[in-house]
Amino acid sequence: MSGIEIRKVTAHIGAHVSGVDLSRPLDEETATALRDALNVHKALVFSDVNLDDEGQQAFARHFGELTTAHPTVPAVDGAPNVLPVDSEGGQAANHWHTDVTFVLNPPQASTLRSLTIPPYGGETLIANSAAAYRDLPQPLRRLADELWAEHTNDYDYAVPEESVDEEQAARRARFTSIKYRTAHPVVRVHPLTGERGLFIGGFAQRIVGLSAGESRKLLDILQSYVTRPENLLRHRWSENQLVLFDNRITQHYAVDNYDGLPRRLHRVTIAGDVPVGIEGKESWSIEGDASHYTSVAA
């Protein structure tokens, strides 16, 4: 592990990692150091990684078993665990979300690797939802501790209904080809660190026991703490980079500010556990079976 360097990017989230060759198998000491760094910093940035799809998958496996690319969206040809995040395929994720929270056990972590980067724009924002929870005033914190939210893929999270063309409608139909609804705690306890974080984001559509209108107002208030500038890493991509982030205690947003120029990343995610709230109660599935997509991490 000699030579590894971890440098903070902001006070609350993010670190640059150097001195590690991700194209080679990691020894256990280095892998442990990276897992520990992920627990502390929530998001790790690696530059000049020299990885292909196989190498990205091999690196991700140091953190656990891989999921397939997505429950409903096709993978890269010949690489069932790799999801193309491609601006030209209409896959801009310009909404705040945590990956695939509409299934019972969302990924524990995600890796994004840059292939084609626009000459300007196209940043990825990553938010620390544990810092957001700590920012809550006590009355809001006590309320959030008791809440559960339904997460679903069955809504149009990116495009207003009136502006959907045929191509966008086809993508939406594919995204919702299997409908999922899952109830998760609004405050999730991280299984390794014990930290509490706001587990909401774009797929959280309704608070259990509240109306849709009441839910939206309350979720908007809580979400405003997640997206405070102090809690964000704003990552400006270069080619040949990899970002690893803890999907259990972050949200992210792909900024659509590059005039439709080509932008392509590849995503590989690591299977996660079933979320648990502060009283030890686990999430439960309401609709949809994701067993073809992910195993359940111990």
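Residues numbered from 1 in each chain as written. Predicted model: local features only at pLDDT ≥ 70, side-chain atom pairs only at ≥ 80, totals over all residues. Heavy atoms only, no water.

A.B. asks: Describe the pairing of strand β6 (residues 124–128), naming the residues involved and giving the relevant values.
C.D. replies: Within β6, five of the five residues are buried, which leaves the element mostly enclosed by the surrounding structure. Where β6 and strand β12 (residues 232–235) come together, four bridges link them in antiparallel fashion. When the bridges of β12 are listed, A127 appears paired with L232. Across five bridges, β6 lies against strand β14 (residues 250–254) in antiparallel orientation. Bridge pairing in β14 links N128 to T250. (Buried < 20%, exposed > 50% of the residue type's maximum accessible area, 1.4 Å probe, protein only. Helix = DSSP H or I, 4+ residues; strand = E, 2+ residues; numbered from the N terminus. Pairing = 2+ DSSP bridges.)

A.B. asks: An account of the environment of D246 is needed here, citing residue identities and associated values.
C.D. replies: For D246, the position within the fold is in strand β13 (residues 242–246). For the pair D246 and G202, spaced 44 residues apart in sequence, the C-alpha to C-alpha distance is 17 Å. With sequence-adjacent residues up to four places away left out, D246 is seen in contact with L38, N39, K42, Q108, A109 and H190. (Contact = heavy atoms within 4.5 Å.)

A.B. asks: Which residues make up the packing of aromatic side chains, and what values go with them?
C.D. replies: Counted according to the given criterion, the structure contains eight aromatic pairs. Ring geometry for F59 versus F63: centroids 5.5 Å apart, planes at 70°, classification edge-to-face. The class for F59 is buried, based on a relative accessible area of 1%. Between the aromatic rings of W148 and W284, the centroid separation amounts to 5.2 Å while the plane-to-plane angle is 35°, which identifies the pairing as tilted. With W148 in strand β7 (residues 148–152) and W284 in strand β16 (residues 284–287), this residue pair connects regions lying 136 residues apart in the sequence. (Phe/Tyr/Trp six-rings, centres within 6.5 Å; stacked < 30°, edge-to-face > 60°.)

A.B. asks: Describe the sheet that holds β7, listing the residues and the values that go with them.
C.D. replies: Here we have four strands laid out as an open sheet, ordered β11-β7-β8-β16, and antiparallel in their pairing. The outermost strands of the open sheet, each flanked by one partner alone, are β11 (204–207) and β16. Pairwise comparison of adjacent strand axes, ignoring direction, gives a mean angle of 30° for this sheet. Note that strand β8 (residues 181–185) and β16 share three bridges and pair antiparallel. For R181, the partnering residue across the bridge sits in β16 and is E287. (Axes fitted to C-alpha atoms, helices over the stretch in contact; angles between N-to-C directions.)

A.B. asks: I'd like a rundown of helix α4 (residues 138–146), residues and numbers included.
C.D. replies: Of the residues making up α4, those classed as buried are L140, A144 and D145. Here the buried residues of α4 occupy an arc of 140° about the axis, which is enough to place them on one side. The exposed set on the far side of α4, more than 90 degrees from its buried face, consists of P139, R142 and E146. In this fold, the buried residues of α4 make contact with α3 (129–135), β9 (187–189), β10 (196–198) and α6 (212–226). (Arc of directions from axis to C-beta.)

A.B. asks: Outline the sheet that holds strand β1 (residues 5–8), listing residues and values.
C.D. replies: Across the sheet, seven strands lie side by side as β1-β2-β3-β13-β5-β15-β4; this open sheet has mixed pairing. Each edge of the open sheet carries a strand with a single partner, namely β1 and β4 (83–86). The average angle at which neighbouring strand axes cross in this sheet is 25°, direction not considered. Across four bridges, strand β3 (residues 43–46) lies against β13 in antiparallel orientation. Looking at β13, one finds that L44 is bridged to L244. Sitting on the sheet, helix α1 (residues 28–41) touches β1, β2 (15–18), β3 and β13, and the angle it makes with β3 is about 125°. Running at roughly 30° to strand β15 (residues 264–270), helix α2 (residues 53–60) makes contact with β3, β5 (109–116), β13 and β15 of the sheet.

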